[in-house]
Amino acid sequence: MNVENHPVVSREEWLAARKQHLADEKAFTKERDRLSAARRALPWVKVDKDYHFQGPNGELKLADLFGEHSQLVVYHFMFAKDWEEGCQGCSFLSDHIDGANQHLAHHDIALVAVSHAPFNEFQAFKQRMGWKFDWVSSEGCDFNYDFGVCARADDVAAGTATYNYEKTDSAEEEMPGLSVFYRDANGDIFHTYSTYARGLDMLVGAYNYLDLTPKGRNEDEIMEWVRHHDRYEGATKSSCCHAN
């Protein structure tokens, strides 16, 4: 973005423009509050399917991912079988999880990443990234397909594959998303919300900083500049190879 010829005005003119923009920001905040309330008011779907996952101590059920909490946030992390690295965009988002998790864990929320690859295949990458959050495998069950982050080959061939609630011709083996679940006092589990694509932006705190600056996100294509945090120039280099 070219910022060299940006308008420069007096402090008084700047203050008038800033106050006008502040009114727009307040209107946006109120609309966001309304939208968040409407999100919480959405109807739920009871989860009756017997999903199973692999964690550090063996097999887990969906209920196990809640721990002692009644609310579960699942980040669908793009990491397929035989990949050596996770998706750069998912990694960018995941760099924000541990900080938030220090607080979410004390507000009745469990946050778990789920990937399609076998559990052992992403342990080295997790260690390389220095992440502490729980991350389990959904290998061998329909979880990724049922919650819209994997497309079956037959659906792609038939043109019936969907992503972000729409039919798409660009469905891939792995796609990003987030799903939310609630467990009631009887132990019943409900799917309350899922979001995909730009709906995930709200989870990336770095975007909020970028959007405050003159150059903004400064990209021709979405996230073209993003790297694994140890692959930026000047970062400690790793011997790991790129994902397939």
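Our structure is the block above this text.
Residues numbered from 1 in each chain as written. Predicted model: local features only at pLDDT ≥ 70, side-chain atom pairs only at ≥ 80, totals over all residues. Heavy atoms only, no water.

## Observations concerning the overall build of the protein
Short version of the rule: Numbering of helices and strands runs from the N terminus, with a helix taken as a DSSP run of H or I at least four residues long and a strand as a DSSP run of E at least two residues long. Think of it in three bands: residues with accessible area under 20% of the maximum for their type are buried, residues over 50% are exposed, and the middle band is partly exposed, with areas taken using a 1.4 Å probe on protein chains only. We call two residues in contact when some of their heavy atoms are within 4.5 Å. Here the Shrake-Rupley method, with its probe set to 1.4 Å, supplies the accessible areas, and only the displayed protein chains count as covering residues. His is not counted, nor are the chain ends; Lys and Arg add positive charge and Asp and Glu add negative charge. Where a charge lies is defined by one atom per residue type, namely NZ (Lys), CZ (Arg), CG (Asp) and CD (Glu).
In terms of regular secondary structure, the protein is built from seven helices and 10 strands. Its C-alpha atoms give the protein principal-axis dimensions of about 65 × 45 × 45 Å. Every one of the 244 residues in the protein was classed for burial, and the buried ones make up 37%. In the protein, the share of contacts with a sequence separation of at least 24, taken over all contacts with a separation of at least 6, comes to 64%. Roughly 15,200 Å² of accessible area belongs to the protein as shown, and the carbon and sulfur atoms make up 52% of that amount. Taken together, the 25 basic and 40 acidic charged side chains of the protein have centroids lying 6 Å from each other.

## So, the packing of aromatic side chains
This is how it is decided: Each pair of aromatic rings taken from Phe, Tyr and Trp, with Trp reduced to its six-membered ring, is defined by centres within 6.5 Å and is described as stacked if the planes are under 30 degrees apart, edge-to-face if over 60, and tilted in the remaining cases.
A complete count under the given rule lists 25 aromatic pairs for this structure. With 4.5 Å between their ring centres and 40° between their planes, Phe77 and Trp135 make a pair best called tilted. Note that Phe77 is positioned in the loop between strand E4 (71-76) and helix H2 (88-94) and Trp135 in strand E6 (residues 134-137), a separation of 58 residues in sequence. Judged by relative accessible area, which is 2%, Trp135 ranks as buried. Look at Phe92 and Tyr207: their rings are 5.5 Å apart centre to centre, the planes differ by 80°, and that puts the pair in the edge-to-face class. Residue Phe92 is located in helix H2, and its partner Tyr207 is located in helix H7 (residues 205-212); the two are separated by 115 residues in the primary sequence. You'll find Phe92 and Tyr207 in the same group, each marked buried. A connected cluster of aromatic rings, assembled from ring pairs, spans Tyr75, Phe77, Phe79, Trp83, Phe119, Phe122, Phe125, Trp131, Phe133 and Trp135.

## Here we look at the state of the cysteines
A covalent bond bridging the sulfur atoms of two cysteines is what the word disulfide describes. The following threshold applies: When the sulfur atoms of two cysteines come within 2.5 Å, that pair is taken as a disulfide.
This structure, assessed with the given rule, holds zero disulfides. Its sulfur unpaired, Cys141 is 10 Å from the next cysteine sulfur, which belongs to Cys150. The buried category is assigned to Cys150, whose relative accessible area is 6%.

## Overview of the pairing of strand E3 (residues 58-61)
We apply this condition: A strand pair is defined by DSSP finding two or more bridges across the two strands.
The pairing of strand E2 (residues 52-55) with E3 spans four bridges and is classified as antiparallel. Within the sheet, the bridge partner assigned to Gln54 lies in E3 and is Glu59. What sits between the antiparallel neighbours E2 and E3 is a turn of two residues.

## Comments concerning the pairing of strand E9 (residues 177-183)
A large share of E9 lies buried, amounting to six of its seven residues. Where E4 meets E9, six bridges bridge the pair, whose relative direction is antiparallel. Directly across from His76, in E9, lies its bridge partner Gly177. In this structure, E9 lies alongside strand E10 (residues 189-196), joined through seven bridges in antiparallel fashion. Across the sheet, Gly177 pairs through a bridge with Tyr196, a residue of E10. Hairpin connection from E9 to E10: five residues lie between these consecutive antiparallel strands, with Gly187 at a positive phi of about 90°.

## Looking at the pattern of salt bridges
We apply this condition: In what follows, salt bridge is the name for a side-chain nitrogen of Lys or Arg lying within 4 Å of a carboxyl oxygen of Asp or Glu.
Applying the stated criterion across every chain yields a total of 15 salt bridges. Residue Arg34 pairs with Glu31 through a salt bridge whose shortest N-O separation is 2.7 Å. Of this pair, Arg34 and Glu31 are both found in helix H1 (residues 11-40), three residues apart, which corresponds to roughly one turn of the helix. Using a relative accessible area of 39% as the deciding quantity, one classes Glu31 as partly exposed. When the shortest N-O distance is used, the salt bridge between Asp211 and Arg217 registers 2.9 Å.

Shape is all these values report; function is a separate question.
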